[in-house]
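# Chain and residue survey
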Amino acid sequence: MINKEYDVIVVGGGHAGAEAAAAAANMGASTLLVTMNLQTIGQMSCNPAMGGIAKGQIVREIDALGGLSGIISDMTAIQFRMLNRSKGPAMWSPRVQSDRWRFAEEWRLALEAIPSLDFFQDMVVDLIVKEGKVKGVRTGMGVDIFSKKVILTNGTFLNGLIHIGDKQYGGGRAGERAATGITERLVELGFESGRMKTGTPPRVDGRSLDYSVMEEQKGDENPEKFSFSSKTKALTNQRSCHITYTNTDVHDTLREGFDRSPMFNGAIQSTGPRYCPSIEDKIDRFADKDRHQIFVEPEGWKTVEIYVNGFSTSLPQEIQEKALRQVRGFENVRIFRPGYAIEYDYFPPTQLRHSLETKLVKGLYFAGQINGTTGYEEAASQGLMAGINAVLSLRNAEPFVLGREEAYIGVLIDDLITKGTEEPYRMFTSRAEYRILLRQDNADERLSEKGYALGLLPDWRLREFHVKQSKTKALKDWVKNYSITMDEANPILEAKNLSPIKQTLKIERLIARPQLSFDDFKDLESFKTLKAEEELEQDNVVAVEIESKYSGYLDKEKEAAAKIDRLEDLKIPDSFDYSRLKSLSYEAREKLQSAKPATIKEAKKISGVSPADISVLLVFMGR
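Report on the accompanying structure. (Residues numbered from 1 in each chain as written. Predicted model: local features only at pLDDT ≥ 70, side-chain atom pairs only at ≥ 80, totals over all residues. Heavy atoms only, no water.)

Another point: the overall build of the protein chain. A tally of helices and strands in the protein chain yields 19 helices and 22 strands. For the protein chain, the C-alpha radius of gyration of 26 Å lies close to 25 Å, the compact-globule estimate for 623 residues. Overall, the protein chain is about 80 × 60 × 60 Å in size when its C-alpha atoms are taken along their principal axes. Burial statistics for the protein chain: of 623 residues in total, 57% are counted as buried. Within the protein chain, residue pairs in contact and separated by at least 24 positions form 73% of the contacts whose partners lie at least 6 positions apart. Surface summary for the protein chain: the accessible area is close to 26300 Å², and the carbon and sulfur share equals 48%. With 84 positive and 89 negative side-chain charges, the protein chain shows a spacing of 2 Å between the two charge centroids. (Helix = DSSP H or I, 4+ residues; strand = E, 2+ residues; numbered from the N terminus. Rg over C-alpha atoms; globule rule 2.2 N^0.38 Å. Buried < 20%, exposed > 50% of the residue type's maximum accessible area, 1.4 Å probe, protein only. Contact = heavy atoms within 4.5 Å. Areas by Shrake-Rupley, 256 points an atom, 1.4 Å probe, with all protein chains shown as cover. Lys, Arg positive; Asp, Glu negative; His and termini not counted. Charge placed at Lys NZ, Arg CZ, Asp CG, Glu CD.)

Here the focus is helix α6 (residues 248-256). Where α6 is concerned, the buried positions are Val-250, His-251, Thr-253 and Leu-254. The arc that holds the buried residues of α6, viewed along the axis, is 165°, so those residues lie on one side. Put simply, Asn-247 is the residue that caps the front of α6, since its side-chain oxygen is 3.0 Å from the backbone nitrogen of Asp-249. (Arc of directions from axis to C-beta. Polar contact = N/O pair within 3.5 Å; in protein donor to acceptor, adjacent residues only side chain to side chain.)

As a further point, take the packing of aromatic side chains. Each aromatic ring pair is summarised here by two numbers: the centre-to-centre distance and the angle between the ring planes. Using the criterion set out here, one finds 11 aromatic pairs in the structure. Aromatic side chains Phe-80 and Phe-226 sit 6.4 Å apart centroid to centroid with 70° between the ring planes, which places their arrangement in the edge-to-face category. With Phe-80 in strand β4 (residues 77-83) and Phe-226 in the loop between β14 (215-217) and β15 (241-245), the pair connects residues that are 146 residues apart, well separated along the chain. The pair formed by Phe-80 and Phe-226 is uniform in burial state, with each residue classed as buried. Seen in terms of ring centroids, Tyr-550 and Tyr-553 are 5.6 Å apart; in terms of plane orientation they differ by 45°. Their pairing is tilted. Taken together, the residues span about one helical turn, with Tyr-550 and Tyr-553 both in helix α16 (residues 538-566) at a distance of 3 residues. Here the aromatic cluster, defined as three or more aromatic residues joined through ring pairs, consists of Trp-478, Tyr-482, Phe-518 and Phe-527. (Phe/Tyr/Trp six-rings, centres within 6.5 Å; stacked < 30°, edge-to-face > 60°.)

Computed from the structure, the second largest pocket encloses a volume of approximately 1100 Å³. Residue lining of the second largest pocket: 39 residues in total, with Glu-224, Gln-538, Asp-539, Asn-540 and Val-542 positioned closest to the centre. Of all the secondary-structure elements, those providing two or more residues to the lining of the second largest pocket are α11 (443-454), α12 (459-481) and α16. Examining the composition of the lining of the second largest pocket, we find that 9 residues originate from one element, α16, more than from any other. Here the residues of the lining of the second largest pocket are counted per class, giving 15 nonpolar, 9 polar and 15 charged. (1 Å grid on protein atoms, 1.4 Å probe; cavity = no way out; pocket = protein on both sides within 12 Å on 5 of 7 lines; lining within 4 Å. Points joined across faces, edges and corners; volume = space filled by probe spheres on them. Nonpolar A, V, L, I, M, F, W, Y, C, P; charged D, E, K, R; others polar.)

To continue, consider empty space enclosed by the protein. Throughout the structure, instances matching the rule amount to 1 cavity of 30 Å³ or more. Within this model, the largest cavity holds a volume of roughly 40 Å³. Each residue belonging to the lining of the largest cavity can be placed in one class, and the counts come to 5 nonpolar, no polar and 4 charged.

The next subject is the packing of helix α9 (residues 376-394) against helix α10 (residues 408-419). Interaxial distance between α9 and α10 falls to 10 Å at its minimum, and their mutual angle equals 85°. By the angle between their axes, α9 is roughly perpendicular relative to α10. Counted together, Glu-378, Ser-381, Gln-382 and Met-385 of α9 and Ile-409, Leu-412, Ile-413 and Leu-416 of α10 form the full contact between these two elements. Residue composition of the contact of α9 with α10, by class: 5 nonpolar, 2 polar and 1 charged. (Axes fitted to C-alpha atoms, helices over the stretch in contact; angles between N-to-C directions. Parallel < 35°, antiparallel > 145°, perpendicular 65-115°, else oblique.)

What follows is about the pairing of strand β8 (residues 133-139). Pairing analysis gives 6 bridges linking strand β7 (residues 124-130) to β8, with the strands arranged antiparallel. Pairing of Val-124 across the sheet is with Thr-139, part of β8. Hairpin remark: β7 followed by β8, antiparallel, with 2 residues in the connecting loop; positive phi at Glu-131, about 50°. Taken together, the 3 bridges between β8 and strand β9 (residues 144-152) define a ladder with antiparallel strand orientation. If you follow Gly-136 over to β9, its bridge partner there is Phe-146. (Pairing = 2+ DSSP bridges.)

With 100 residues, the main nonpolar core has Leu-152, Leu-364 and Ile-388 as its most contacted residues. Counting residues per element, this core draws most heavily on α9, at 10 residues. Ile-388 has contacts with Ala-23, Met-27, Phe-400, Leu-454 and Leu-456, leaving out every residue within four places of it along the chain. With 23 residues, the next largest nonpolar core counts Leu-505, Ile-511, Leu-516 and Leu-530 among its residues. (Core = buried A, V, L, I, M, F, W, Y, C linked by side-chain atoms within 4.5 Å.)

Here helix α1 (residues 15-26) contains 12 residues, and its C-alpha end-to-end distance of 16 Å stays within 8% of the 16 Å for a straight helix at 1.5 Å per residue. When you tally the buried positions in α1, you get 11 out of 12 residues, the bulk of the element. For α1, every residue scored as buried is listed here: His-15, Ala-16, Gly-17, Ala-18, Glu-19, Ala-20, Ala-21, Ala-22, Ala-23, Ala-24 and Ala-25. (Expected span 1.5 Å × (residues − 1).)

This next bit is on unusual backbone geometry. Of note in the backbone geometry, Ala-54 takes a positive phi value of approximately 70° without being a glycine. Mapped onto the elements, Ala-54 comes out in the loop between β3 (49-51) and α2 (55-65). For Glu-535, which is not glycine, the phi torsion reads 55° and is therefore positive. Within the fold, Glu-535 resides in the loop between α15 (525-534) and α16. Glu-535 sits in the exposed class, given a relative accessible area of 55%.

Our next topic: the pattern of salt bridges. For the structure on display, the rule yields 45 salt bridges. Glu-321 serves as the salt-bridge partner of Arg-325, at 3.2 Å between the closest nitrogen and oxygen. Judged by relative accessible area, which is 31%, Arg-325 ranks as partly exposed. Note that Asp-415 is salt-bridged to Arg-404, the shortest N-O span being 2.9 Å. Of this pair, Asp-415 sits in helix α10 while Arg-404 is found in the loop between α9 and α10, placing the two residues 11 residues apart along the sequence. The class for Asp-415 is buried, based on a relative accessible area of 2%. Given the relative accessible area of 16%, Arg-404 is considered buried. The structure contains a network of salt bridges with shared partners spanning Asp-126, Arg-138, Asp-144, Arg-185 and Glu-188. (Salt bridge = Lys/Arg side-chain N within 4 Å of Asp/Glu carboxyl O.)

Taken together, 3 strands build an open sheet; the order of strands is β3-β5-β4 and the sheet is antiparallel. A strand with exactly one partner marks an edge of an open sheet, and here the two such strands are β3 and β4. Recorded for the sheet is a direction-independent mean angle of 15° between the axes of neighbouring strands. Direction of pairing for β3 relative to strand β5 (residues 93-98): antiparallel, over a ladder of 3 bridges. Bridge pairing in β5 places Met-50 opposite Val-96.

Remember that the coordinates give geometry; whether it matters functionally is a separate question.
This is the structure in structure tokens:
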């Protein structure tokens with residue numbers, strides 16, 4: 001190892017590091033993963049879950065490109081839910097509850113199965129840089145390891161500081177030490193750094209809880225899965241989660257500890273995630289709320305350990321326990337581990353190119369929380385893209401950059417590079433101009449060919465994709481060409497209290513109606529024949545149904561985005577009062593009022609101001 005020069009060194013074994021190492025090695029680069037603890041590769045530091053609103057779309061995109069997060073999520077899932085089913089398909093987002101132990105185990109096994117990937121356990125304390133180009137890393141044991149490219153995926157470990165009440169100690173995660181040396185070296189090289197904060201809730205003994213007084217939250221009756229490949233199967237058994245609530249007594253108890261809370265006594269100076277606040281932050285900011293939802297989430301198939309989602313806190317341990325005991329169902333709770341907050345260094349991502357290579361040092365890439373993001377999915381997608389681009393750079397090829405109209409990953413990276421972020425960045429559907437186009441169900445259509453061209457998606461995966469495409473096309477052709485008669489259609493329409501048709505018409509006109517779905521026409525002989533001949537599956541039906549219903553909206557979406565681009569130079573008066581625009585998101589009102597942009601173009605560059613917010617602003621100014 002000491003005498004060898006690697007193509008790529010990846011520093012850190014979290015979600016970003018694991019995807020980066022897998023991508024680089026699977027594309028044929030000799031790759032070394034250096035991490036402080038080989039036993040925690042792929043560990044879920046916070047909640048035991050993957051996916052969620054917009055995050056589920058990212059996992060599907062990673063899978064379509066040939067990354068591993070989707071497959072490993074499927075292999076270790078204990079529950080599957082498609083969120084937002086009551087809304088339009090652009091909002092549908094898959095989420096799995098995961099077995100925390102098995103998730104890390106499967107990541108480790110998947111990485112060990114890649115022949116060109118090596119491992120080394122040590123802390124990286126310095127970078128070897130010569131003439132503006134990275135040459136390798138130096139570890140805490142004084143080992144110099146050389147490489148052509150280095151990808152930093154340090155997570156929350158850079159000068160990490162853990163807070164529990166008025167106690168503080170260095171650490172990158174509970175029970176693990178912080179990483180030192182890298183920040184200081186990067187600042188010496190000319191990089192700008194900052195501090196961010198995140199937190200985690202207590203873990204408790206599930207045997208001490210009373211589930212009978214909580215709401216049971218089961219998985220979907222017909223669960224799907226993340227990966228488009230046949231390598232994984234949907235769950236046949238699932239574990240339930242539960243829901244309970246805080247109350248005014250809980251809130252009063254929590255307030256008793258505010259004077260010792262690092263959130264309020266000045267011990268924590270950095271910015272935390274806006275959309276995943278601590279429980280003390282919630283009861284302070286939303287003082288009018290009598291209760292807040294708590295999700296009681298099992299950590300795996302067999303363990304009794306429970307993750308108390310919604311109760312992230314850094315209050316003193318005795319306050320945490322006293323308050324938890326006042327939550328319904330938690331009266332006799334036993335705490336395994338208290339919640340805590342952690343501060344860590346990050347580097348504003350405006351210092352990167354769209355390839356995630358740094359502008360200051362050639363061959364050096366950043367991915368994950370070092371760029372100011374929060375969440376496993378956001379980190380994994382950046383790791384994948386950094387790994388891909390490091391290898392493409394080795395080949396002197398053009399970088400692989402996804403556009404905002406191609407993927408949520410493209411929106412994420414473009415937001416980071418052009419807008420930067422001053423608080424932990426989390427992906428939402430509202431950040432994307434092309435939400436209807438960037439759905440979770442069509443990620444394979446958007447990205448499979450690209451993944452194959454990169455060498456990440458194997459031949460058998462592409463063949464499966466082409467078979468799916470062929471089936472979907474056959475169904476599209478049927479929808480476009482099949483003429484449904486009055487005798488066939490009217491009984492279906494009358495059963496739904498809809499007006500009957502008065503002449504034969506193409507079935508696509510009926511499928512496009514919001515009140516109707518393919519399920520209503522499943523007994524048509526023509527459809528049953530097609531389904532049998534083409535061996536149609538549910539994903540083919542869903543794809544065609546969505547496209548039939550939303551084709552007009554897609555055109556409007558593109559037109560609206562183009563209009564915003566045309567009006568970029570529209571001036572905004574300095575005296576403009578954004579607080580009057582209640583249609584703007586709270587975050588947008590706050591940030592626009594503070595920044596006072598001179599033009600629409602400047603407003604678009606503010607992190608947290610979504611395309612929808614810009615549209616609202618344009619409508620108001622047009623009036």
